[in-house]
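Each chain, written out:
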Amino acid sequence: MPGRLPASYSCRDLKVKKLPKHLREAQISTERTHLISDPAKKPRQRYVQKDGKCNVHHGNVQETYRYLSDLFTTLVDLRWRLSFFIFTLVYVVNWLFFGFLWWLIALIRGDLVHADEEGWTPCVENLNSFVSAFLFSIETETTIGYGYRVITEKCPEGIILLLVQAILGSIVNAMMVGCMFVKISQPKNRAETLMFSNNAVISVRDNKMCLMFRVGDLRNSHIVEASIRAKLIRSQQTKEGEFIPLNQTDINIGFDTGDDRLFLVSPLIISHEINEKSPFWEMSLTQMEKEEFEIVVILEGMVEATGMTCQARSSYLDTEVLWGYRFTPVLSLEKGFYEVDYNNFHDVYETNTPTCSAKELAAKLREEPLLPQLSLLSPELKTHTFDRLSQQNPLSQEEDKEERDSGGDRGETNGSAAALEEPPLADGLPD
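On a predicted model such as this, the values are computed, not experimentally measured, just so you know.

Peer 1: Is there a simple way to explain the overall build of the chain in this structure?
Peer 2: Scanning the chain from N- to C-terminus turns up 15 helices and 14 strands. Within the span of the chain, comprising 431 residues, buried residues form 34% of the whole. When the accessible surface of the chain is split by element, carbon and sulfur atoms take 56% of a total near 28,400 Å².

Peer 1: Quick question: what am I supposed to make of the pairing of strand 4 (residues 223–237) here?
Peer 2: In regular strands, side chains alternate between the two faces of the sheet. As defined by bridge partners, strand 4 adjoins strand 8 (residues 294–303) across nine bridges and the pair is classed as antiparallel. Residue pairing across strands places V224 opposite M302, the latter belonging to strand 8. Bridge count between strand 4 and strand 6 (residues 261–262): two bridges; the pairing is antiparallel. Looking across to strand 6, one finds that A226 is bridged to L262. Looking at chain direction, strand 4 and strand 5 (residues 243–251) are connected through seven bridges and run antiparallel. Looking at strand 5, one finds that L232 is bridged to T249. Counting the residues between successive antiparallel strands, the hairpin from strand 4 to strand 5 contains five residues, one of them, G241, with a positive phi of roughly 95°.

Peer 1: Explanation requested: empty space enclosed by the protein in the structure shown.
Peer 2: To find leftover empty space, one rolls a probe the size of a water molecule over the atoms. One pass over the full model with this rule turns up two cavities of 30 Å³ or more. Sorting the residues of the lining of the largest cavity by element identifies helix 4 (71–77), helix 5 (80–109) and helix 8 (156–185) as the ones contributing at least two each. Top element by residues in the lining of the largest cavity is helix 8. It accounts for four residues. Classifying every residue of the lining of the largest cavity gives seven nonpolar, one polar and one charged. Volume-wise, the second largest cavity comes out at about 30 Å³. In this structure, the second largest cavity is lined by I202, M209, I274, F280, M283, M288, W323 and A358.

Peer 1: What exactly am I supposed to notice about the layout of surface pockets here?
Peer 2: If you add up the space inside the second largest pocket, you get close to 1,400 Å³. Around the second largest pocket, the lining comprises 37 residues; the ones closest to its centre are D51, G52, K53, K188 and R313. Elements supplying a minimum of two residues to the lining of the second largest pocket: helix 4, helix 5, helix 8, strand 1 (194–196) and strand 9 (309–317). For the lining of the second largest pocket, the leading source of residues is strand 9, giving five residues.

Peer 1: How should the nonpolar core be read in this particular structure?
Peer 2: As a rule of thumb, nonpolar side chains are buried together in soluble globular proteins. Ranked by internal contacts, the top residues of the largest apolar core, which has 39 residues, are F280, I295 and V321. Counting residues per element, this core draws most heavily on strand 4, at five residues. Not counting the four nearest positions on each side in its chain, F280 is found in contact with L211, L232, I251, H272, I274, M288, F293 and I295.

Peer 1: Honestly, the pattern of salt bridges in this entry has me stumped. Any pointers?
Peer 2: Two side chains that carry opposite charge are able to pair once their charged atoms sit near each other. Applying the stated rule across the entire model yields 11 salt bridges. In this structure, the salt-bridge partner of R109 is E157, at a minimum N-O distance of 3.4 Å. In this pair, R109 sits in helix 5 while E157 sits in helix 8, placing the two residues 48 residues apart along the sequence. Given a relative accessible area of 25%, R109 falls into the partly exposed group. Owing to a relative accessible area of 32%, E157 belongs among the partly exposed residues under this scheme. When the shortest N-O distance is used, the salt bridge between E300 and R229 registers 3.4 Å. Note that E300 is positioned in strand 8 and R229 in strand 4, a separation of 71 residues in sequence.

Peer 1: Help me understand the UniProt feature "transmembrane region" (unreviewed entry) in the chain in this model?
Peer 2: UniProt marks residues 82–105 and 159–182 with the feature "transmembrane region" (unreviewed entry), using the numbering shown here. Secondary structure content for residues 82–105 is 100% helix and 0% strand, and the end C-alpha separation is 34 Å. With 100% helix and 0% strand, the stretch residues 159–182 has end C-alpha atoms that lie 35 Å from each other.

Peer 1: Help me understand the packing of aromatic side chains, please; the structure alone is not making it clear to me.
Peer 2: Aromatic ring pairs are reported here in terms of the distance separating the ring centres and the angle at which the planes meet. Under the counting rule described, the total for this entry stands at 10 aromatic pairs. An angle of 65° between the planes, with centres 5.1 Å apart, marks the rings of F87 and Y91 as edge-to-face. Of the two residues, F87 and Y91 are both situated in helix 5; the distance of four residues between them amounts to about one turn of the helix. Take F87: its relative accessible area is 24%, and that puts it in the partly exposed class. Between the aromatic rings of F97 and F98, the centroid separation amounts to 5.3 Å while the plane-to-plane angle is 80°, which identifies the pairing as edge-to-face. Assessed through its relative accessible area of 46%, F97 is described here as partly exposed. By relative accessible area, F98 is classed as buried at 1%. Joined through ring pairs, the aromatic side chains of F87, Y91 and W95 make up one cluster.

Peer 1: Looking at this structure, how should I read the pairing of strand 9?
Peer 2: By the bridge criterion, nine bridges tie strand 8 to strand 9 in an arrangement that is antiparallel. Bridging across to strand 9, L299 finds its partner in A312. Counted along the chain from strand 8 to the antiparallel partner strand 9, the turn is five residues long, and its residue G307 has a positive phi close to 80°.

Peer 1: Even after reading the chapter, I still don't get the state of the cysteines, so can you show me in this structure?
Peer 2: By definition, a disulfide links two cysteine residues through a covalent bond between their sulfur atoms. As enumerated under the stated definition, the model contains one disulfide in all. Between the sulfur of C123 and that of C155 lies a disulfide, 2.0 Å long from S to S. What sets the handedness of the C123 and C155 disulfide is the S-S torsion sign, and at about -75° it is left-handed. You can see C123 sitting in the loop between helix 6 (111–114) and helix 7 (130–142) and its partner C155 sitting in the loop between helix 7 and helix 8, a full 32 residues away along the chain. By relative accessible area, which is 2% here, C123 ends up buried.

About the criteria used
One numbering rule holds for all chains: residues counted from 1, following each sequence as written. Reporting of local features is limited, given that this is a predicted model, to residues whose pLDDT is at least 70; pairs of side-chain atoms are given and counted only at 80 or more, and all residues count toward the totals for whole chains, interfaces and linings. As a rule here, side-chain values cover all heavy atoms of the structure and leave hydrogens and water aside. Comment: elements are numbered from the N terminus, with helices defined as DSSP H or I runs of at least four residues and strands as E runs of at least two. Buried means the residue's accessible area, taken with a 1.4 Å probe over protein chains only, is under 20% of the maximum for its type, while exposed means over 50%, and partly exposed covers the values in between. Each accessible area is a Shrake-Rupley result for a 1.4 Å probe, and residues are judged covered by the shown protein chains and nothing else. Two strands make a pair as long as DSSP finds a minimum of two bridges between them. Cavity means a closed set of points on a 1 Å grid over the protein atoms alone, one where a 1.4 Å probe fits but cannot get out, pocket means an open set with protein on both sides within 12 Å along at least 5 of 7 lines, and lining means a residue has an atom within 4 Å of a point. Grid points are joined across faces, edges and corners, and a volume is the space filled by probe spheres set on the points. Side-chain classes are defined by residue name, with Ala, Val, Leu, Ile, Met, Phe, Trp, Tyr, Cys and Pro counting as nonpolar, Asp, Glu, Lys and Arg as charged, and the others, Gly among them, as polar. Buried Ala, Val, Leu, Ile, Met, Phe, Trp, Tyr and Cys residues that are joined via side-chain atoms within 4.5 Å together make up what is termed a nonpolar core. For this analysis, residues touch if any pair of their heavy atoms sits within 4.5 Å. Here, a salt bridge means any Lys or Arg side-chain nitrogen found within 4 Å of an Asp or Glu carboxyl oxygen. UniProt positions are given in the numbering used here, feature names are shortened, and annotations may be inferred rather than shown by experiment. Two aromatic rings from Phe, Tyr or Trp, using only the six-membered ring of Trp, form a pair when their centres are within 6.5 Å; if the ring planes differ by under 30 degrees the pair is stacked, by over 60 it is edge-to-face, and anything between is tilted. The definition used for a disulfide is geometric: two cysteine sulfur atoms within 2.5 Å.

Put into structure tokens, the structure is as follows:
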């Protein structure tokens, strides 16, 4: 068969249109089929998950201080539960710290002891315990202003502390509120409405082997300046014997022609032409079944509503690349608009595709067009042409050349001249 289906892929996820019924049904394995069938590939670990998460964990990091040097990004990258915990912890610790300083000033001045005496002017009125000092710290930093606890003008140390708390409180507010705002406005969830097809396919387009996959956007608000790129992740060994694990190779999907810039209004089929510069140039169906690789696709653009950059990722293992299939069309013309049927977004159908490599296919296409041209020349025409060539003298050839230049000759003269200008035809005739 020109196409193959991965063993781990269910028929529920992949709707094949032209496969026979007995191939679409689940087959019961027997001892004979188990011995004849090729051994199934072991499940491999993905480099990038289908939802775009990179399956890489950083371990044994010694220089952890680097995370603190970029504290803002570290706080933004934290999980939500840790972000809420740190957000609450920072404010509570700040209020407790300044509440302790207000209580300490009251204790040193003796306000806690002489607060009830007449004629005594405390630093903060109605501050007689640590709890009241903590509440006054919250009122000061959040500018609530209940009016029950008020700082007096006869407490210079209290005035200085009030200024310090106001300035530091503004810095804490700016940092924590900024972190939460950036974390909320991150366009990570925007990537949830960007779709990639479950499988990539290989088939022939315009007499060229192409690797294709489909992308789509579910929202009416578009991705501005959308661009897409692809990477081939495959371990390789150099000629010197060096082993490079998970080597990354660029897959050209229109960078030189500008086809990588997308106007993603409706689902698009992204095509990679398998040519001499492609890593799949010498890879046939049989060779691809033995290879282990992963294709990572990255879609980038700006969110139209916020102007922030969004990135969506997905990947295709070697078992998810189907040879000899095409994508089912999803776009139809209705009255006054185009309609996209996302029920067929992941569907593919089987098509006639050679199982040879793209290199072999290109060589065959270069040879086959010559055969029809040679068959057009009959043996009589070849003999007649050779006789004309042998009987013409140099003088007649000069006359024919002048007639061709002046345009006076027609029909047979042009045919003779065309025959004279074909060295391969004269070389192939017998003496």
